[in-house]
Amino acid sequence: MKALKNYIDKIKPHFEPGGKLSMFQSVFEGFESFLFVPNTTSRSGVHIHDSIDSKRTMIVVIIALLPAMLFGMYNVGYQHYLSIGELARTSFWSIFFFGFLAVLPKIIVAYVVGLGIEFTAAQIRHHEIQEGFLVSGMLIPMIVPVDTPLWMIAVATAFAVIFAKEVFGGTGMNIFNIALVTRAFLFFAYPSKMSGDEVFIRTSDTFGLGAGQIVEGFSGATPLGQAATHSGGPLQLTDILGNPLSLNDMFLGFIPGSIGETSTLAILIGGAILLITGIASWRVMLSVFAGGIFMSYICNWFANPDIYPAAQLSPACQICLGGFAFAAVFMATDPVTGSRTNTGKYIFGFLVGVLAILIRVFNTGYPEGAMLAVLLMNAFAPLIDYFVVEANIRHRLKRAKNLTK
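Residues numbered from 1 in each chain as written. Predicted model: local features only at pLDDT ≥ 70, side-chain atom pairs only at ≥ 80, totals over all residues. Heavy atoms only, no water.

Colleague: Can you explain the nonpolar core? Please cite residues and give values.
Modeller: General note: in soluble globular proteins, nonpolar side chains tend to be found buried as a group. Leu65, Phe326, Phe330 and Met331 are the most contacted members of the largest nonpolar core, which has 107 residues in total. In this structure Leu65 touches Val135, Met138, Leu139, Met142, Phe326 and Phe330, once residues within four positions along its chain are discounted. (Core = buried A, V, L, I, M, F, W, Y, C linked by side-chain atoms within 4.5 Å. Buried < 20%, exposed > 50% of the residue type's maximum accessible area, 1.4 Å probe, protein only. Contact = heavy atoms within 4.5 Å.)

Listed below in structure tokens is the structure:
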């Protein structure tokens, strides 16, 4: 690393003002700050210095995402080999490597497109390159079906970065979660590639691996998709071969779904990392789960299961299925697009949980409600904070008047 640092210091003058490569100063500074902690400090004004900067924050979030990402890769291979009847004869590492090769191109495309746009925007504005997309680039592949075409991911990522981030001023200025805007763009622009029975299971081979015939009776519908299309009577969720699913299967994540959203256990491990390191707000995380559990019980008690079959799902199933847990841990806790006040965080998170279940149960055409719930509450987060602050002001004025009497 010392040799690399010496080389960086040697070529740095070429990228500074007056150097022959000064037009690429922002790009150079971005790579330098990614590789090494900057040694510059503020020399004037009032500043708060902390050991946690944006780069460290993003790296911790990426580490927290790894359990869900790694399990998602394994589950991609697991569901594939289950669908072709080869699961019992396939080793753990063959299953994982199949999923790894299926997911890796999506990660590469998301980063190349997103970082390319951010680097270009920084150069045009002569600003430093921010680290915000380091997390978004990992989130985007995790919340899409495994068979989403790469060109669609590229188009959706470009749309989200340009119109949901850069036009607002870049990192820290966006009002909507970038990864969820990408997911929403894909869902509404290419609905056939984002829902249904065929997009969540990789039935074809990946770089020549896993070729085989699909077994008879195969169905790639997710559990929430099964609930949305249920025609009446008791609801029994099944795996892709028609075998009944247990709550344990749902919690561990051996079910069809978006790449990083299936394993509640892996997501909670990531959530624990975020809470221990102080990166995510426990107020938001806890209140999302509380809101989801509350509304699930309400739907269990009052919704007509013959008309709204998803109302039969227990609160535990609702939390373990779809993107609910992933949204609670990684999406709703985004400090940029959520509420900033402590009271506002409780309200914001609770409403995300409530809306997610309401959309799932009462909108059978869209069985996954977490994405729309978070995006809708992103729009209302500033309003929530406004009323919380105004309420605090009124309370303090009232207390001050009482003290002066």
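Structure shown, so let's carry the discussion forward.
Colleague: Before we move on, can you summarise a nonpolar patch on the surface with the specific residues and values?
Modeller: Together, Leu275, Trp282, Leu286, Phe294, Tyr346, Ile347, Phe350 and Leu351 make up an exposed nonpolar region whose accessible area comes to about 710 Å². Residue contributions to the nonpolar patch peak at 4 residues, all from helix H14 (residues 342-362). With respect to the helices and strands, Leu286 occurs in helix H11 (residues 282-302). Given a relative accessible area of 51%, Leu286 falls into the exposed group. (Patch = residues over 30% accessible without salt bridge, like charges linked within 9 Å, V, L, I, M, F, W, Y side chains within 5 Å. Areas by Shrake-Rupley, 256 points an atom, 1.4 Å probe, with all protein chains shown as cover. Salt bridge = Lys/Arg side-chain N within 4 Å of Asp/Glu carboxyl O. Helix = DSSP H or I, 4+ residues; strand = E, 2+ residues; numbered from the N terminus.)

Colleague: Residues and numbers for the side chain of Gln318, please.
Modeller: Turning to its location among the elements, Gln318 is positioned in helix H12 (residues 315-320). Accessibility expressed as a relative area gives 2% for Gln318, which makes it buried. A polar side-chain atom of Gln318 sits 3.4 Å from the main-chain carbonyl oxygen of Ala310. Beyond its immediate stretch of four places on either side in the chain, Gln318 contacts Ser296, Ala310, Leu313, Phe324, Ile357, Arg360 and Val361. (Polar contact = N/O pair within 3.5 Å; in protein donor to acceptor, adjacent residues only side chain to side chain.)

Colleague: Give me the lowdown on the pattern of salt bridges, citing residues and values where you can.
Modeller: The final tally for this structure, using the stated rule, is 4 salt bridges. Glu86 serves as the salt-bridge partner of Arg89, at 3.0 Å between the closest nitrogen and oxygen. On the basis of relative accessible area, Glu86 is assigned to the partly exposed category, the value being 28%. Here Arg360 ties to Glu368 by a salt bridge, and the two come within 3.5 Å at their closest N and O atoms. Note on accessibility: Arg360 and Glu368 belong to one class, buried.

Colleague: Before we move on, could you go through the packing of aromatic side chains and cite the residues and values that matter?
Modeller: Counted by the stated rule, this structure contains 25 aromatic pairs. Ring geometry for Phe71 versus Phe254: centroids 5.3 Å apart, planes at 70°, classification edge-to-face. Of this pair, Phe71 sits in helix H3 (residues 54-83) while Phe254 sits in the loop between helix H9 (247-252) and helix H10 (264-276), and the two are 183 residues apart along the sequence. What makes Phe71 buried here is its relative accessible area of 16%. Seen from their ring centres, Phe187 and Tyr366 are 4.7 Å apart, and the 70° between their planes marks the pair as edge-to-face. With Phe187 in helix H7 (residues 178-189) and Tyr366 in the loop between H14 and helix H15 (370-404), the pair connects residues that are 179 residues apart, well separated along the chain. The exposure class of Phe187 is buried, given its relative accessible area of 13%. One aromatic cluster is present, formed by Phe71, Tyr74, Tyr78, Phe92, Trp93, Phe96, Phe97, Phe100 and Phe254 through successive ring pairs. (Phe/Tyr/Trp six-rings, centres within 6.5 Å; stacked < 30°, edge-to-face > 60°.)

Colleague: Residues and numbers for H3, please.
Modeller: With 30 residues, H3 extends 42 Å between its outermost C-alpha atoms, agreeing within 8% with the 44 Å of an ideal straight helix rising 1.5 Å per residue. The largest bend in H3 comes to about 35°, at Leu66, with the proline Pro67 one to four residues further on. In terms of residue burial, H3 counts as a mostly covered element, since 22 of its 30 residues are buried. Where H3 ends, the next residue or the one after it, Gly85, has phi of about 75°, a positive value. (Expected span 1.5 Å × (residues − 1). Bend = angle between axes of the 7 residues up to and from the residue.)

Colleague: Residues and numbers for H15, please.
Modeller: Between its first and last C-alpha atoms H15 spans 49 Å; for 35 residues at 1.5 Å apiece the expected length is 51 Å, and the two agree. Phe380 marks the point of greatest bend in H15, at about 45°, and the proline Pro382 comes within the next four residues. Within H15 the residues assigned to the buried category are Ala370, Met371, Ala373, Val374, Leu375, Met377, Asn378, Ala381, Ile384, Asp385 and Val388. On its buried face, H15 sits against H7, helix H13 (324-331) and H14.

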